[in-house]
Amino acid sequence: MAFLKNCWYAAIWADELKTGELAARTLLDTPLVLYRDDAGRPVAMDDMCPHRLAPLRLGKLLPGGTIQCGYHGLEFDSSGQCVKNPHGNGRVPRGCQVRTYPMVEKHTLAWIWMGNGEPDEGLIPDFGYLDADSGYDVGRRDTIEMDANYRAIIDNLLDLSHAAYLHDGLLGNAETAWADIEVRQEGPYVYVRRDMQNVPPPLLRDLLFKRDGAPVNMWQTIRWSAPSAVLNDVGTYAPDSDRTRFSGQLGCHILTPVSEDSTLYFTAAARQGPLGAEADEGEDALKARIAELRRYAFKEQDDPMLKAQQENVRRHPGVAPVLLPAIDAGPVRCQRLLDEMLRDESGQ
Ligand code: FES
Ligand SMILES: [Fe+2]
């Protein structure tokens, strides 16, 4: 499958990339080995030794930051160059090199650039709320392995009306199906905002607000940037108050394709707003419960639906979806932008 290459993808949460350890990840159909060099900088290289093509993940990270292939012991530095051949006269053959990829650590994630174009750090989307000094108390940083294509997950996130049905009771309910929807584009971001009035609060919103089940007003603003980084800003407030007195959450939904039908889903939420129910179960327990509920919604509810939907789409390649203008404007806009970028990149 063709993926956009000249852009940044989240590869791993920065704190999961541990000094002295190799991590293996397949991203964009490319097996990679990830680690930190001697200076602590993230490194990504093809998970394949140029000698007999053994996976480097089965090798060793040596003091000094070189990787030793586990099969016959060739050693590679963090630029991918072979720097030691322990055999014969020790000469390193020309072309004995592993491809490496630029990486940048930002917003507590390690981002990777897998294209041939010049990497531009300014293209990393803003997820500043994840930063240690942001003032936000961020919950569990989760990585969910989805059995779905990343573009199906983009459609899912940009049309949150599905929460009324697929996440009934948890993130939405029948009363939240109808909303005022606004789609707008600003710079590199597309925003889809949904406003709901006087609706019963879904469990997750109630947990963060008054915990009395009384009707609320709610907003959900999804922000997408290419290729697949989404920020969700949600808020709940009393129908008789103004929206500055709210309780809500910021959540990232950053998608990195593994293959055509699997995706890594990086997510972490932080509470926002001046209001919130007193946490009777303690703030840490509440954060853990919210992280579990979010994982349940994405992995146990979204994922099986998307996987089954995709099977039907594959089975019926000639069938175009009948779109619903009220809810599909956001997803359609973003998929078109992504199509344009893919066309530009492939030169078609
Ligand atoms: S396969 Fe790596 S050294 Fe032989
Ligand atoms: Fe969902």
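Residues numbered from 1 in each chain as written. Chains lettered and ligands numbered in written order. Predicted model: local features only at pLDDT ≥ 70, side-chain atom pairs only at ≥ 80, totals over all residues. Heavy atoms only, no water.

Caption draft 1: Spatial organisation of the overall build of the protein chain. Helix and strand content of the protein chain: four helices and 18 strands. For 348 residues, the compact-globule estimate of 2.2 N^0.38 gives 20 Å, and the protein chain sits close to it at 23 Å. With respect to the three principal axes, the spread of C-alpha positions in the protein chain is 80 × 50 × 35 Å. Here the protein chain holds 348 residues, and the buried ones make up 50% of them. For the protein chain, the share of sequence-separated contacts (at least 6 apart) that also reach a separation of at least 24 residues comes to 59%. For the protein chain, the computed accessible surface area is about 16500 Å², with 50% contributed by carbon and sulfur atoms. Distance between charge centres in the protein chain, computed from 37 positive and 51 negative side chains, equals 4 Å. (Helix = DSSP H or I, 4+ residues; strand = E, 2+ residues; numbered from the N terminus. Rg over C-alpha atoms; globule rule 2.2 N^0.38 Å. Buried < 20%, exposed > 50% of the residue type's maximum accessible area, 1.4 Å probe, protein only. Contact = heavy atoms within 4.5 Å. Areas by Shrake-Rupley, 256 points an atom, 1.4 Å probe, with all protein chains shown as cover. Lys, Arg positive; Asp, Glu negative; His and termini not counted. Charge placed at Lys NZ, Arg CZ, Asp CG, Glu CD.)

Caption draft 2: Up close: the coordination of the iron ion (ligand 2). Within the first shell, the iron ion (ligand 2) binds the protein through His-162 (NE2), His-167 (NE2), Asp-302 (OD) and Asp-302 (OD), at distances of 2.1 to 2.4 Å. With four donor atoms in place around the iron ion (ligand 2) and angles of 56 to 147° between them, the coordination shape is irregular. Ordering the donors of the iron ion (ligand 2) by residue number gives the pattern H-x4-H-x134-D. In this pair, His-167 is assigned in the loop between helix 1 (150-158) and strand 13 (180-186) and Asp-302 in helix 3 (residues 283-315), connecting sequence segments 135 residues apart. For the pair shown, His-167 and Asp-302 are each scored as buried. (Donors = N, O, S within 2.8 Å, 3.2 Å for Na, K, Ca; no water. Tetrahedral: all angles 85-135°; square planar, octahedral: opposite > 155°, others 65-115°.)

Caption draft 3: Region of interest: the domain arrangement of the protein chain. As far as domains go, the protein chain holds domain 1 (8-123) and domain 2 (133-346). Each of domain 1 and domain 2 has a C-alpha centre, and these two points are 34 Å apart. Counting from both sides, the interface comprises 15 residues of domain 1 and, opposite them, 16 residues of domain 2. Together domain 1 and domain 2 conceal approximately 1200 Å² of surface at their shared face, both sides included; 65% is due to carbon and sulfur atoms. When residues of domain 1 are sorted by the area they lose upon contact with domain 2, Tyr-9, Ala-10 and Trp-13 head the list and together hold 45% of the total. Between the two partners, domain 1 and domain 2, sit zero salt bridges. On the surface where domain 1 and domain 2 come into contact, there are six residue pairs in polar contact (both at pLDDT 80 or more). Among the elements that make up the side of domain 1 that touches domain 2, the one with the highest residue count is strand 1 (residues 8-13) (six residues). Per-class residue counts for the side of domain 1 that touches domain 2 are ten nonpolar, two polar and three charged. (Domains from an automatic or database assignment. Buried area = accessible area lost by both parts, 1.4 Å probe. Salt bridge = Lys/Arg side-chain N within 4 Å of Asp/Glu carboxyl O. Polar contact = N/O pair within 3.5 Å; in protein donor to acceptor, adjacent residues only side chain to side chain. Nonpolar A, V, L, I, M, F, W, Y, C, P; charged D, E, K, R; others polar.)

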